[in-house]
Amino acid sequence: MTKHEKANLAIVLRDYYVAEGAHIDVPTFVNSFAKDGVFNDMVAGQAYRGDALGNVLPYMKGLFSDVHRDLKRITVNGDTISIELSIQGTFDGQLQAPTGGFVKGNGQRVDAPTADFWYLKNGKVTAFNCFVGYSKMYSDMGVNFDWSSAVNKH
């Protein structure tokens, strides 16, 4: 790796570190992004910018107090870093249901496959595209989708 690539990787690895349950550091995470930088939750279809970037880490800690990211494979190519990982933790928080109310933590271990793509420029994150395996995550949390309600019963 070049010196530039090592510097980019250090920024990304620091962001994973400050996103861990034991030592969440929202300001450090937010400050790693460019002024117009964006965190895209690609599967959920949500984008976080500016002050909203600070909502991501507390939300995950609210679901899994011991949230951890197990980094499996890292590819660095200039200003692009691709990482295969798992989001892990104990579901001991609560998840707001789209239908209202909350799903309360049940102590189950979660191990959700994830792919992250980081794009940097001048030492700042311009875009972070996160692809979380939500179906596996929710299954681990004890949330099962009601497929029967979606089947056309003619």
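Above this text is the structure in question.
Throughout, residues of each chain are indexed from 1 in the direction in which the sequence is written. Owing to the predicted nature of the model, reporting of local features is limited to residues with pLDDT of at least 70; listing and counting of side-chain atom pairs is limited to 80 or more, with chain, interface and lining totals taken over all residues. Values reported for side chains reflect all heavy atoms of the structure, with hydrogen atoms and water molecules removed beforehand.

## Some details on the overall build of the chain
1) Next: In this text, helices come from DSSP runs of H or I with a minimum length of four residues, and strands from runs of E with a minimum of two, each type numbered from the N-terminal end. The helix and strand inventory of the chain stands at four helices and eight strands.
2) Next: The secondary structure elements of the chain, listed N-terminal to C-terminal, are α-α-β-β-α-β-β-β-β-β-β-α.
3) Next: Each of the 154 residues in the chain was classed as buried or not, and the buried ones make up 39%.
4) Next: We get accessible surface area from the Shrake-Rupley algorithm with a probe of 1.4 Å; when it comes to residues, only the shown protein chains can shield them. Surface accessibility of the chain: about 8,800 Å² in total, with carbon and sulfur atoms responsible for 53%.
5) Next: In this tally, Asp and Glu contribute negative charge and Lys and Arg positive charge; neither His nor the terminal groups of the chain are included. Where a charge lies is defined by one atom per residue type: Lys uses NZ, Arg uses CZ, Asp uses CG and Glu uses CD. Distance between charge centres in the chain, computed from 15 positive and 16 negative side chains, equals 3 Å. For every residue, the accessible area (1.4 Å probe, protein chains only) is compared with the maximum for its type, and the residue is labelled buried under 20%, exposed over 50%, or partly exposed between those bounds.

## Things to note about the pairing of strand S7 (residues 109-121)
1) Next: Side chains Val 110, Ala 112, Thr 114, Asp 116, Trp 118 and Leu 120 of S7 all project onto a buried face; the interleaved residues Arg 109, Asp 111, Pro 113, Ala 115, Phe 117, Tyr 119 and Lys 121 project onto a face where none is buried.
2) Next: As paired strands, strand S4 (residues 80-90) and S7 are joined by 11 bridges and run antiparallel to one another. By the bridge assignment for S7, Leu 85 is matched with Thr 114.
3) Next: A loop of two residues connects S7 with strand S8 (residues 124-132), the two strands running antiparallel in sequence, and Asn 122 in this loop sits at a positive phi of about 55°. Think of it this way: DSSP has to see at least two bridges between two strands before they count as a pair.

## Some words on the environment of Pro 98
1) Next: One can find Pro 98 in the loop between strand S5 (94-96) and strand S6 (102-104).
2) Next: Between the alpha carbons of Pro 98 and Val 76 there is a distance of 37 Å; along the sequence they are 22 residues apart.

## Considerations on the side chain of Asp 116
1) Next: Here Asp 116 lies in strand S7.
2) Next: Buried Asp 116, no salt bridge; nearest opposite-charge side chain is Arg 69, N-O distance 6.0 Å.
3) Next: Any pair of nitrogen or oxygen atoms within 3.5 Å is treated as a polar contact; in protein, a donor-acceptor pairing is required on top of that, and neighbouring residues in sequence qualify only through side-chain atoms on both sides. Polar side-chain contacts of Asp 116 include one of 2.6 Å to the side chain of Tyr 16.
4) Next: Any two residues whose heavy atoms approach within 4.5 Å at even a single point are treated as in contact. Excluding residues within four positions of it along the chain, Asp 116 makes contact with Tyr 16, Ile 81, Ser 82, Ile 83, Leu 85, Phe 128, Asn 129, Cys 130 and Phe 131. When a carboxyl oxygen of Asp or Glu is within 4 Å of a side-chain nitrogen of Lys or Arg, the pair counts as a salt bridge.

## Overview of the pairing of strand S2 (residues 46-49)
1) Next: Across four bridges, strand S1 (residues 33-41) lies against S2 in antiparallel orientation. Bridging from a neighbouring strand, Val 38 pairs with Arg 49 of S2.

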